[in-house]
Amino acid sequence: MMMQPGTYFYHGHYGMQRSAGLYGSLIVDMADGEKEPFHYDAEFNLLLSDWWHKSVHEQEVGLSSNPFRWIGEPQSLLINGRGQYNCSLAAKFSNSSISQCKFEGNEKCAPPVLKVRPNKTYRLRIASTTALASLNLAIEGHKMVVVEADGNHVQPFAVNDLDIYSGESYSVLLKTDQNPYKNYWVSIGVRGRDPKTNQALTLLSYSATPASKLPATQPPVTPRWDDYNHSKAFTKSIYALMGSPQPPKTYNRRIILLNTQNRLNGFVKWAINNVSLVLPSTPYLGSIKFGLNNAFDQKTPPDNYDSSYDIMKPAPNQNTTQGSGVYSITLNTTVDVILQNANALAKDVSEIHPWHLHGHDFWVLGYGEGKFKDGDEKTFNLKNPPLRNTAVIFPFGWTALRFVADNPGVWAFHCHIEPHLHMGMGVIFAQGVHRVGQIPKQALACGLTGNKQN
């Protein structure tokens, strides 16, 4: 399978391996003789993540315990694996007693400085592999022009700052047209959650200025964590570049997925259409391929939820069920997915969820407030919707996606917030498994397929 050029990252999915640091950048270059639809002189890669001092095992145990023990907010944000915990580059601008970071530049926690030359255009490839935090990136004194999202070209548009959710990637173009005798802050702060974690900071350092010279100005202030209008304005500015693939005009199947926080025998879970996902010990691909029907729950999860459900408040009965069932999709058909956000257990609480689909890109057809209803499809953008592999649902709102089930296999579709997936926030799509040829032996080493031979 030929991979599309663009900015990606890889990560582990066994337990909460991503939270433990199993991830890295994955850049696919243009083929020889092909060119990007934009010019740049050089590029930087920024892989953003968050970090806890508590081990992943301890986090998993707490999430799976009764009483429930939440992981808390991260102790630091990382840029290319580097971050500061007990000091800040901009300590003098902080109201807290945090100390000033003093670096020689070769320490393992020293920030990766972006060293640039004046009057050039740089491509910044930005990806977020955070376990929890939604982020906002800003570069002091410089606008960014967004040109790529999740490996797909978009209509260029300029921004002062950029919201990025876990699972997303972007490319932006940056012109180094400011005073070359100054350095400038690169700031990354938390969005979507009340931030208890300091900004991650590094420098855009012009060649005429030593990298050790810190700016005399305050770093860019991250927009308020709950300023969702700011997030929506950015998200809704993303359109596919002219000439990009367009979605089919109609769908063969619509699946509406209600996102709720629930309880299961006293344990806190997330559920989709009142099913909290539990992954079986036998990988789906092998068990479906070999007809091992007792390897997972054979009951198909529901395509919709009870229309009387009030998404604006906690349900009278907050209990859920659990299952490992699979949505079986006919190969090469068009599927619409409506992600419907709703309540958490607490009143007036609905969280942002970035949803990521394995094995496919999808068209983001639209967003809406409140409950999705008949007639809302009239607002869908079928002209130039962006192709993405991750899309966010905002609190008490909905997001509409369309994809063609043209990649044989078994694919996870899940919230990219690591503890939310661990607590059941995902579904499984299977299509054309009979078309899958040789399954690597390593993928058959677990559960009931452990003794199977390809």
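Residues numbered from 1 in each chain as written. Predicted model: local features only at pLDDT ≥ 70, side-chain atom pairs only at ≥ 80, totals over all residues. Heavy atoms only, no water.

- As annotated in an unreviewed UniProt entry, the chain is L-ascorbate oxidase from Gossypium laxum.
- Under the Sequence similarities (unreviewed entry) heading, UniProt states for the chain: "Belongs to the multicopper oxidase family." (UniProt positions renumbered as here; feature names shortened; annotations may be inferred.)

### As for the packing of aromatic side chains
No. 1: Under the definition given, this model contains 16 aromatic pairs.
No. 2: Taken together, a centroid distance of 5.5 Å and an interplanar angle of 25° make the contact between Phe44 and Tyr122 stacked. On the criterion of sequence distance, the pair formed by Phe44 in strand E3 (residues 42-51) and Tyr122 in strand E8 (residues 121-128) is long-range, its members being 78 residues apart.
No. 3: Taking 4.8 Å as the distance between ring centres and 55° as the angle between the ring planes, the aromatic pair formed by Trp355 and Phe413 counts as tilted. Of the two residues, Trp355 is situated in strand E22 (residues 353-357) and Phe413 in strand E27 (residues 409-415); the sequence distance between them amounts to 58 residues. Per residue, the accessibility class of Trp355 equals that of Phe413, and both read buried.
No. 4: The structure contains a cluster of three or more aromatic residues connected by ring pairs, namely Tyr327, Trp355, Phe403, Phe413 and Phe429. (Phe/Tyr/Trp six-rings, centres within 6.5 Å; stacked < 30°, edge-to-face > 60°. Helix = DSSP H or I, 4+ residues; strand = E, 2+ residues; numbered from the N terminus. Buried < 20%, exposed > 50% of the residue type's maximum accessible area, 1.4 Å probe, protein only.)

### Here's the deal with the UniProt feature "domain: Plastocyanin-like" (unreviewed entry) in the chain
No. 1: In the numbering used here, UniProt assigns the feature "domain: Plastocyanin-like" (unreviewed entry) to residues 4-30, 44-207 and 312-431.
No. 2: Here residues 44-207 is 5% helix and 45% strand, with 15 Å between the C-alpha atoms at its ends.

### What to know about a nonpolar patch on the surface
No. 1: Among the surface-exposed residues, Met3, Tyr10 and Leu26 lie close enough to one another that they form a single nonpolar patch of about 280 Å² accessible area.
No. 2: By the element assignment, Tyr10 lies in strand E1 (residues 6-11).
No. 3: Given a relative accessible area of 43%, Tyr10 falls into the partly exposed group. (Patch = residues over 30% accessible without salt bridge, like charges linked within 9 Å, V, L, I, M, F, W, Y side chains within 5 Å. Areas by Shrake-Rupley, 256 points an atom, 1.4 Å probe, with all protein chains shown as cover. Salt bridge = Lys/Arg side-chain N within 4 Å of Asp/Glu carboxyl O.)

### Looking at the sheet that holds E22
No. 1: Taken together, five strands build an open sheet; the order of strands is E20-E28-E27-E22-E25 and the sheet is mixed. Each edge of the sheet is formed by a strand with only one pairing partner; in this case those strands are strand E20 (327-328) and strand E25 (390-393). (Pairing = 2+ DSSP bridges.)

### Some details on the nonpolar core
No. 1: Counting 35 residues, the largest nonpolar core has Leu257, Val337, Phe403, Phe413 and Phe429 as its most contacted members.
No. 2: Of the residues that make up this core, three or more belong to each of domain 1 (6-235) and domain 2 (253-449).
No. 3: Discounting chain neighbours no more than four positions away, the residues touching Phe429 are Ile255, Val326, Tyr327, Ile329, Val337, Leu357, Phe403, Gly409, Val410, Trp411 and Phe413.
No. 4: Grouped together as the second largest cluster of nonpolar side chains are 34 residues, Phe44, Val159, Leu204 and Tyr206 included. (Core = buried A, V, L, I, M, F, W, Y, C linked by side-chain atoms within 4.5 Å. Domains from an automatic or database assignment. Contact = heavy atoms within 4.5 Å.)

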